[in-house]
Structure formats: structure tokens, C-alpha cells
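Listed below are the residues making up each chain.
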Number of protein chains: 2
Amino acid sequence: MARTQGSHSGITGPRVREAALHLFAQHGYAAVSMRKIAAEVGVQAGALYNYTPDKQTLLFDLMRTHMEELLAAWDACSPAGGTARDALEAFTRFHIRFNTRRADAVFVSYMELRNLEPENFNIIEGLRRDYETEAETILRRGVAEGGFAVAEPRIAAMALIALLTGVNTWFRERGRLSLAEVEAVYWDMVRRMVANQG
Amino acid sequence: MARTQGSHSGITGPRVREAALHLFAQHGYAAVSMRKIAAEVGVQAGALYNYTPDKQTLLFDLMRTHMEELLAAWDACSPAGGTARDALEAFTRFHIRFNTRRADAVFVSYMELRNLEPENFNIIEGLRRDYETEAETILRRGVAEGGFAVAEPRIAAMALIALLTGVNTWFRERGRLSLAEVEAVYWDMVRRMVANQG
DNA sequence: GTCTATAATGGGATAGAC
DNA sequence: GTCTATCCCATTATAGAC
């Protein structure tokens, strides 16, 4: 962990964000001091303030970056044509894949909402709602097309996201099931959950 | 909030636990000081140590009490006879009802796991696994009876619990839907999710 | 059972040398 | 860009009066 003085490596900024994300996920924002982040990076605490104006902004930037990357990745991955059923399968597999690969950021972006100042909270909440609306739109389209039976699309969208995000609480790479197998198990559950023929 | 000196009310203990639970849920364990808990109760910080040996034990007792009450309430509520389908409906409705009425305790018992010392963590994790096993057992019975099609009962149990606990992120009493309506919407989703006819 | 006072430690953030 | 040193304040927990 210890580093020599004045490394001038030019990559301290990313290293600060990585260390903060990992420590916030492990111990919680309030429990992690700037000194501990600095120690993880291998600098003194004062040096961190070259990369963030304060601790709150560091947290907010981590969360905003995560949410924006989530939305951008889904935008790049969502199928252009196809049925709502195709879109829902793509969403299910995308959500599991993206979130299991970024478990720390997912955890922080949910758990530390309460430690955001009101203005920052509203921005993150808006991005979260945008993502929920992506799922809701797919469900509404499926109802319109006739393949889905969903009484409450907004609630079903939040239920779907809660279901899928739950994978993060137990999934481990090198576990019994591969990511592809987990995707298949969950898509099977999701498919039934919204299907017209119950 | 301010109280006169030496109230001797005899109910300070429960008030300390209530205040701690509420503040931990709102701001997080690490962000809440003993002074803030004391101020909420209306005593000085030193007085809290008549009711808990330290802050960690206060957190642990809140979490253990919640988990034990959850298991006891389900034990009292789970149907003795009936099919696995009946049991699953009872579990679904029970979980939503119990957890929405104790949102603070649910939140703390999940979010503050990382702030428990290892020994305390293991105890809470054990209770959580006991609860998951209740759901898993119902699903396995349903498969044996032939009514359910569940490829991975343990994973499906965790998926079910994640789905149902997600209600807490959006449900508000006096919202558009009553608790009974929410239960019905979720039971409809759960029923389809495990049903043999997809 | 609660208060006041305090010990011992650690917190976020800044100043100025290099 | 990083270091050292420091300011000022908050933290948990304890001691002893009442």
C-alpha cells in the first residue's frame, strides 16, 4: 500500500475513485475516513483534495458515474427491433451481467442515497427513475402487443429490478452456476412472471 | 425533545431502542452518534450506557430482535395444513405485511450487516438463512406436489424474498394502493413465477 | 437513573514547503 | 502533485456527583 513520495504517476485520480468505491462498499461512506482512502491509494490525506473538492462530492461523482454508465450501457445494448418479449429478455440478461460485474458501485449507489445532500440525491434519484422507466416501457409495450399480462406496469418494473438486483447478494464468480446459467434461471422466472398464460 | 432532569419514567430503555432504530435507518449506523440518539430520547449521552454496554451491542440487539420476531411471526402465521400453493400465498402476504410495517428494522437489518463485528454478523446471517430456508422448503414441497416448476429452489427462494422486500422501496401507507391491493398484485406475480404452466 | 465533565482518539479540511 | 503540520471540532466511553 505504501508509496514513495511524489510518484507523479498521472493516474492517482482514478485510483482515488477506485479506492473510495471499494471502501465505501465495504464499510459505508460515513465509516470511511479520507485518511483511510489516502492510505489505500498510498498518499497522504491532503493529496486527495487535488482530485475532489470534498468527501461528499467524491461520493456523488461515484454514484452519478455509475448511474450514467448503467443507462448508457443499456442504451447501447437494448434491441432496436423485435417484440417486447425480446426486449425483456435483453433487459433481464443485461441487468444481471452489468450489475454483477460492478457489485461495489451497485451497492454504494443504493446504500448511500441517504448520505447524499438533497440536491445530489435528487439527481441520482432522477437517473434511477429513468432506468425504472426503461423497464416499465417494455412491460407496457408487452401488454399492448398482447404477450404480457401485467396489472401494474410501474410496480412490476420495480419488482423486476428488485428481483434481478437480488442476484448481487449471493452470486459469486466461480460459484456453482456460471453467469450465463444464472441469466437463464432468472429469465425463466421473469418470463413466467409477466406471461399472458399463467 | 428536551426532557427534564431525572424523569425516572421507567421506559427509557425502549425509547433508546426506538430512537436508535429510527436514526440508524435514516442516516446509517456510522453517521449517528450516541449524542444524537440521546438528544432524540431527551437525555444526555452518558445516560445511554445504562441501557447498552456500547453502540455496537445496541445495533446488534436491534437486528437480532428484528430477525427473531420475523421468524416467530412467520411461525405463528404459517398454515399448518394445505398445499404448497397455500403456504406460498401465506408467505407472500406475510412477508409484505410484516416488512412494510417495520420498514426501519428491515432497512437496518440489511444495510448495517457490514457494521457488525464478525461474531454478531454470523448470528444475524444464520437467522437470515433460516428465513430463506422457510421459503425454500415451500418451493421444494410445491415441486414435489407437482404444482410448481422451480429449477433452483434455493435461488428462487432468494429471488422471491428480494422481490417481496422490494415493496419497501416504494410503498407508502395512504398511497394509491392499499396494502391488501399490493399483496394481491405481488401474489399474482409470485404465483405465475413458480407455476407449472408457463 | 441522570447529570456534568473529561479523557483519549480520530474526523474533514487547509496552509505552505518542496 | 504530494508532503508535513495543524486547526478546530466531533466521537465513544468513563468517572463521580447527586
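Residues numbered from 1 in each chain as written. Chains lettered and ligands numbered in written order. Predicted model: local features only at pLDDT ≥ 70, side-chain atom pairs only at ≥ 80, totals over all residues. Heavy atoms only, no water.

1. Here we look at the pattern of salt bridges
Evaluation of the coordinates by the stated rule reveals 32 salt bridges over all chains. Two residues, arginine 114 of chain B and glutamate 112 of chain A, come together in a salt bridge whose shortest N-O distance is 3.0 Å. With one member in each of two chains, arginine 114 of chain B in the loop between helix 5 (103-111) and helix 6 (118-145) and glutamate 112 of chain A in the loop between helix 5 (103-111) and helix 6 (118-145) form a pair that bridges those chains. Of the charged contacts in the structure, one is a salt bridge between arginine 192 of chain A and aspartate 188 of chain A, with a shortest N-O distance of 3.4 Å. Taken as a pair, arginine 192 of chain A and aspartate 188 of chain A lie in helix 8 (residues 179-194) at a separation of four residues, close to a single helical turn. Connected through shared salt-bridge partners, Glu125, Arg128, Arg129, Glu132, Glu136, Arg140 and Arg154 of chain A make up one network. (Salt bridge = Lys/Arg side-chain N within 4 Å of Asp/Glu carboxyl O. Helix = DSSP H or I, 4+ residues; strand = E, 2+ residues; numbered from the N terminus.)

2. What to know about the relation of the copies chain B and chain A
The transform that puts chain B on chain A rotates by 180° and translates by 0.0 Å along the axis, for an RMSD of 0.0 Å. On the angle and the small slide along the axis, the relation comes out as a two-fold axis. (Least-squares fit on C-alpha atoms with pLDDT ≥ 70 in both.)

3. Focus on the side chain of glutamine 56 of chain B
Tracing the backbone through its elements, the reader meets glutamine 56 of chain B in helix 3 (residues 55-77). Here the side chain of glutamine 56 of chain B touches asparagine 120 of chain B through a polar contact of 3.1 Å, side chain to side chain. (Polar contact = N/O pair within 3.5 Å; in protein donor to acceptor, adjacent residues only side chain to side chain.)

4. Topic: the protein's contact with DNA strand D
Around DNA strand D there are 18 residues in total, and Thr12, Gln44, Asn50 and Tyr51 of chain A together with Arg35 of chain B lie nearest to it. Here, DNA strand D places atoms within 4 Å of the protein, and 70% of those atoms are sugar or phosphate. A distance of 3.2 Å separates a phosphate oxygen of DNA strand D from a polar atom in the side chain of serine 33 of chain B. In the surface near DNA strand D, the residues fall into six nonpolar, eight polar and four charged. (Near = heavy atom within 4 Å. Nonpolar A, V, L, I, M, F, W, Y, C, P; charged D, E, K, R; others polar.)

5. Brief notes about the confidence of the model for chain A
Looking at chain A, pLDDT values average 95 and 95% of them are 70 or higher. Contacts of residues 1-6 of chain A to residues separated by more than four positions or lying in other chains number eight contacts, the stretch itself having pLDDT below 50. (pLDDT = per-residue confidence, 0-100. Contact = heavy atoms within 4.5 Å.)

6. Side note on the interface of chain B and chain A
Contacts between chain B and chain A engage 37 residues on the former and 37 residues on the latter. Roughly 3,100 Å² is buried in total at the junction of chain B and chain A, and carbon and sulfur atoms are behind 62% of that figure. Joining chain B to chain A, the criterion identifies four salt bridges. Where chain B touches chain A, the interface holds ten residue pairs in polar contact (both at pLDDT 80 or more). At the level of elements, helix 1 (12-27), helix 5, helix 7 (153-165) and helix 8 (179-194) of chain B are the ones that each hand at least two residues to the side of chain B that touches chain A. For the side of chain B that touches chain A, the element with the most residues is helix 8 of chain B, which contributes seven residues. (Buried area = accessible area lost by both parts, 1.4 Å probe.)

7. A look at the packing of aromatic side chains
Residues and elements named next belong to chain A. Tallied over the full model, the rule gives 14 aromatic pairs over all chains. Centre to centre, the rings of tryptophan 74 and phenylalanine 91 are 5.2 Å apart; their planes meet at 85°, and the pair counts as edge-to-face. Pair noted here: tryptophan 74 is in helix 3 (residues 55-77) and phenylalanine 91 is in helix 4 (residues 84-101), with a separation of 17 residues, a long-range link. The pair tryptophan 74 / phenylalanine 91 is uniform in exposure class, with both members buried. Three or more aromatic residues joined by ring pairs form one cluster here, namely Trp74, Phe91, Phe94, Phe98 and Tyr131. Sitting above the plane of the tyrosine 29 ring, lysine 55 keeps its charged end 4.4 Å from the centroid. (Phe/Tyr/Trp six-rings, centres within 6.5 Å; stacked < 30°, edge-to-face > 60°. Buried < 20%, exposed > 50% of the residue type's maximum accessible area, 1.4 Å probe, protein only. Lys NZ or Arg CZ within 6 Å of the ring centre and 35° of its normal.)

8. As for the side chain of asparagine 120 of chain A
For asparagine 120 of chain A, the position within the fold is in helix 6. Excluding residues within four positions of it along the chain, asparagine 120 of chain A makes contact with Gln56 and Phe60 of chain A.

9. Remarks on the packing of helix 6 of chain B against helix 7 of chain B
All names here are of chain B. Running from N to C, helix 6 and helix 7 cross one another at 115°; their axes reach a closest spacing of 8 Å. In this structure, helix 6 meets helix 7 at a crossing whose hand is right-handed. Mapping the contact onto sequence places Arg129, Tyr131, Glu132, Thr133, Ala135, Glu136, Leu139 and Arg140 in helix 6 and Pro153, Arg154, Ala156, Ala157, Met158, Leu160 and Ile161 in helix 7. For the contact of helix 6 with helix 7, the per-class residue count stands at nine nonpolar, one polar and five charged. (Axes fitted to C-alpha atoms, helices over the stretch in contact; angles between N-to-C directions. Left-handed = near helix turned anticlockwise from the far one by under 90°.)

10. Things to note about the packing of helix 3 of chain A against helix 6 of chain A
Helix packing geometry: the angle between the two helix axes and the distance between the axes. Residues and elements named next belong to chain A. The contact between helix 3 and helix 6 brings their axes to 10 Å, and the two run at 15°. In this view, helix 3 runs roughly parallel relative to helix 6, as classed from their interaxial angle. Two packed elements cross with a definite hand, and for helix 3 against helix 6 that hand is left-handed. Across the interface between the two elements, Gln56, Phe60, Met63, Arg64, Met67, Glu68, Leu70, Leu71 and Trp74 from helix 3 touch Asn120, Ile123, Ile124, Leu127, Arg128, Asp130, Tyr131, Glu134 and Ile138 from helix 6. Taken together, the residues of the contact of helix 3 with helix 6 sort by class into eleven nonpolar, two polar and five charged. (Parallel < 35°, antiparallel > 145°, perpendicular 65-115°, else oblique.)

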